[in-house]
Amino acid sequence: MTNQTVTERSHYINGTWAPSARHFDVSNPLDDSLVARAAAGTRAEADAAVAAADQAFPGWASLTPGARQALFLRAADITERRHDDIVHLLAVETGTGRAFASYQVRLSANLMRQAASWGYLPCGDILRSDTPGRTAMVQRKPLGVVAGFTPWNGAFFLAWRTIVLPMAFGNTVVIKPSELAPVSAGLIQAEILHEAGFPAGSLNVVTHAPGEAAALSDAFFESPAVRSINFTGSDRTARILAARAGQALKRMVLELGGYNPMLVLDDADVDHAVRAVNFGAFFHQGQICMNTRKVYVAQSIHDDFVARLAERTGGLLAGDPLAEGVVVGPLINDAAVALTKSRIRDAVDQGATLVTGGTCEGRVHAPTILTHVPDTVRATQGCEETFGPLLIVEAFDDAEAAFQKAQDTPYGLSAAIMTGDAAKGLEMASRMDTGMVHVNGATMAGEASLPNGGVKDSGWGRSGHYAVEDFTELRLATLTHG
Ligand code: ADP
């Protein structure tokens, strides 16, 4: 790694690696080996990071689009150059498999290259006034400092999304990575922007020990310089943060969980649907907010679908994410393993059929498929994410009834419909109460340019260039010229 030793880490504040008096251990979810000793930040260090971002804001906001573009393009090149080192880091810190890690590197570089041109987007309008001799201008302005909470699951890419979207529109950023992935979800991004030559204070990263998130992030809610809170994580934590943001009258962007149902209609291409479900459900061990948690399949093709899916899923190699051919790595911690096991046990105890999986070695849990799950089982009701490799398949006779059932969830992130009839698929998609819906595709959107985001308990705000709405505000200026 550049600039720092492999194990002992600092904060990144005002363009320098700021040592901390205390550290905490970050360990490999596969075997508990030590990955890093990260800085256990304090409120004072978070205050310093916010102050640095505030001070850097006028300079960053007024940089020309071309200067900002050059920096983002350089950061994209450095990210690609460090591909192997990032893949290794994601495996040991978060249990991420090679394929998903590599994909995150490509997606991140892609996002930076797109964001590099957003400084050239129109930044206002000229309006006619009803007052003779007066011209009105609407100017799009950055907000100021945006504070981000970055998650451990899609750690590398989701941290970039939290950093790049606000920065591309002229804001400066302070992030607080998850205590489970301080290096992959913040410090490595700081290394890359540092090497690319981003101005001091434009990005600041403060890490913290488990149980100390609230004390550290008080700095974000209490500083008038912070204009928006950008959180990716669970709706449970989002409710706590939203209450605090409400009290402080700060804007928020929330990218939360999802249930992400898929409907497989009787005219669907079964093989295509099987591939999309196998990928959508078990991608990153089911620890992504867009993972498919439940599939509704037409009764006439149900048994064939389940048999083909079980064969494919049963063939997924689980174990050390760095080992050749392994696609299913460990779950992030013991709590995740316990939750997955208890959800499966609860369903089986109530009469569900275990089609494949159900076993666990250490924290490596086999991808698991359940059918015939009674409606009394919580995991099938769409009200909670298991965040593990568990998929429920349910047969239906009436597609419209299945559609209504699939919508009956507090979440509204993603959904998918598999059908040979594109018109029918689009008609159903138009009625789906989610931020994303895919006809004949997996529930994972997977492109940096497309606006990911949810409705209902899945959050507020959109990625891609639509994030201009989240990270800028409009100012009216008038000129009266007689
Ligand atoms: P998880 O608990 O699965 O890590 P969450 O989405 O619940 O994920 O939390 C995401 C991050 O939010 C955590 O890593 C933690 O640092 C932070 N967090 C949790 N509780 C609070 C809180 N009360 N105040 C501020 N931050 C918090």
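Residues numbered from 1 in each chain as written. Predicted model: local features only at pLDDT ≥ 70, side-chain atom pairs only at ≥ 80, totals over all residues.

The next thing to look at is the overall build of the chain. In terms of helices and strands, the chain carries 14 helices and 24 strands. Expected size for 482 residues packed as a compact globule is a radius of gyration near 23 Å; at 23 Å, the chain falls within 12% of this value. With the C-alpha coordinates aligned to their principal axes, the bounding extent of the chain is approximately 75 × 60 × 40 Å. Within the chain, buried positions represent 52% of all 482 residues. When contacts within the chain are restricted to residue pairs at least 6 apart in sequence, those whose partners lie at least 24 apart make up 72%. (Helix = DSSP H or I, 4+ residues; strand = E, 2+ residues; numbered from the N terminus. Rg over C-alpha atoms; globule rule 2.2 N^0.38 Å. Buried ≥ 20, exposed ≤ 12 C-beta atoms within 10 Å, placed from the backbone. Contact = placed C-beta atoms within 7 Å.)

This paragraph deals with the confidence of the model for the chain. It should be kept in mind that the predicted coordinates are not to be read in detail where pLDDT is low. Of the residues in the chain, 99% have a pLDDT of 70 or more, and the chain-wide mean is 96. Contacts of residues 1–5 to residues separated by more than four positions or lying in other chains number 10 contacts, the stretch itself having pLDDT below 50. Here the predicted complex carries an ipTM of 0.95, next to a pTM of 0.97. (pLDDT = per-residue confidence, 0-100.)

Here we come to the domain arrangement of the chain. How big an interface is tends to be reported as the loss of accessible area on association of its parts. In terms of domain boundaries, the chain breaks down into domain 1 (7–256 + 454–475) and domain 2 (261–439). Here the C-alpha centroids of domain 1 and domain 2 sit 31 Å apart. Each partner contributes residues to the interface: domain 1 has 20 residues there, and domain 2 has 24 residues. Put simply, the parts of the chain that give the side of domain 1 that touches domain 2 at least two residues each are helix 3 (83–94), helix 4 (98–115) and strand 22 (455–456). Ranked by the residues each element gives to the side of domain 1 that touches domain 2, the list is headed by helix 4, at 3 residues. (Domains from an automatic or database assignment.)

Let us now look at the site of the ligand. Every residue close to the ligand is listed here: Phe149, Pro151, Ser178, Glu179, Ala213, Ala214, Ser217, Gly233, Ser234, Arg236, Thr237 and Ile240. Taken together, the elements giving at least two residues each to the shell around the ligand come down to helix 7 (213–222) and helix 8 (235–248). Its residues placed into classes, the shell around the ligand shows 5 nonpolar, 5 polar and 2 charged. (Near = placed C-beta within 6 Å. Nonpolar A, V, L, I, M, F, W, Y, C, P; charged D, E, K, R; others polar.)

The 3 strands lie next to each other as 5-6-24, forming an open sheet whose pairing is antiparallel. Sheet topology places strand 5 (124–128) and strand 24 (472–480) at the edges, where each strand pairs with a single neighbour. Neighbour to neighbour, the strand axes of the sheet diverge by 20 degrees on average, direction disregarded. As paired elements, strand 5 and strand 6 (residues 134–142) share 5 bridges and run antiparallel to each other. (Pairing = 2+ DSSP bridges. Axes fitted to C-alpha atoms, helices over the stretch in contact; angles between N-to-C directions.)

This part takes up the environment of alanine 219. By secondary structure assignment, the location of alanine 219 is in helix 7. If we ignore the near neighbours within four places in the chain, the residues touching alanine 219 are Arg43, Ala46, Asp47 and Val50.

This brings us to the environment of glycine 233. Structurally, glycine 233 can be placed in the loop between strand 10 (226–232) and helix 8. Linking glycine 233 and cysteine 289, residues 56 residues apart in sequence, is a C-alpha distance of 8.5 Å. Apart from the residues within four sequence positions on either side, glycine 233 is in contact with Phe149, Pro151, Ala238 and Leu256.

Moving on to the environment of leucine 354. Examined against the element boundaries, leucine 354 turns out to sit in strand 14 (residues 353–356). In sequence terms leucine 354 and methionine 428 are 74 residues apart; their C-alpha atoms lie 30 Å from each other. Setting aside its immediate chain neighbours within four residues, leucine 354 contacts Val348 and Leu370.

In this section: helix 1 (residues 43–61). Each α-helix winds once per 3.6 residues, and so residues spaced three or four apart point in a common direction. The end-to-end C-alpha separation of helix 1 is 26 Å, in line with the 27 Å expected for 19 residues at 1.5 Å each. Along helix 1, the sharpest kink reaches roughly 30 degrees, centred on glutamine 55 and followed within four residues by the proline proline 58. Turning to helix 1, its buried residues number three or more, namely Glu45, Ala46, Ala48, Ala49, Val50, Ala52, Ala53, Ala56, Phe57 and Trp60. (Expected span 1.5 Å × (residues − 1). Bend = angle between axes of the 7 residues up to and from the residue.)

Turning our attention to the nonpolar core. Across soluble globular proteins, nonpolar side chains have a tendency to be buried as a group. Formed by 144 residues in total, the largest nonpolar core has its most connected members in Leu263 and Val264. Ranked by the residues each element gives to this core, the list is headed by helix 5 (residues 155–168), at 11 residues. If you count residues domain by domain, this core takes at least three from each of domain 1 (7–256 + 454–475) and domain 2 (261–439). Once you skip the residues sitting within four places of it in the chain, valine 264 turns out to touch Ala273, Val295, Tyr296, Val297, Ala298, Phe305 and Met418. (Core = buried A, V, L, I, M, F, W, Y, C linked by C-beta atoms within 7 Å.)

This part is about the sheet that holds strand 17 (residues 368–371). Note on sheets: strands pair through backbone hydrogen bonds, and any given pair is parallel or antiparallel. Pairing is mixed across the open sheet formed by 7 strands, whose spatial order is 14-17-18-13-12-20-21. Each of the sheet's edge strands pairs with one partner strand only, and the pair in question is strand 14 and strand 21 (436–439). On average, each strand axis in the sheet is inclined to that of its neighbour by 20 degrees, with strand direction left out of account. Relative to strand 18 (residues 390–396), strand 17 runs parallel, the two being bridged by 4 bridges. Each residue of the ladder has a partner; that of isoleucine 369, found in strand 18, is leucine 391. Against the sheet, helix 13 (residues 422–430) engages strand 20 (414–418) and strand 21, with an angle of about 170 degrees to strand 21.

Taken from the UniProt record, the annotation "domain: Aldehyde dehydrogenase" (unreviewed entry) applies to residues 19–475. Helix makes up 40% of residues 19–475 and strand 21%. Its end C-alpha atoms lie 40 Å apart. (UniProt positions renumbered as here; feature names shortened; annotations may be inferred.)

Moving on: the packing of helix 3 against helix 4. Here helix 3 crosses helix 4 at 130 degrees, and the two axes come no closer than 9 Å. Regarding the angle of helix 3 to helix 4, the classification is oblique. For the pair helix 3 and helix 4, the sense of crossing is right-handed. For the pair helix 3 and helix 4, contact is made by His83, Ile86, Val87, Leu90 and Ala91 and by Arg98, Ala101, Ser102, Gln104 and Val105, respectively. By residue class, the composition of the contact of helix 3 with helix 4 is 6 nonpolar, 3 polar and 1 charged. (Parallel < 35°, antiparallel > 145°, perpendicular 65-115°, else oblique. Left-handed = near helix turned anticlockwise from the far one by under 90°.)

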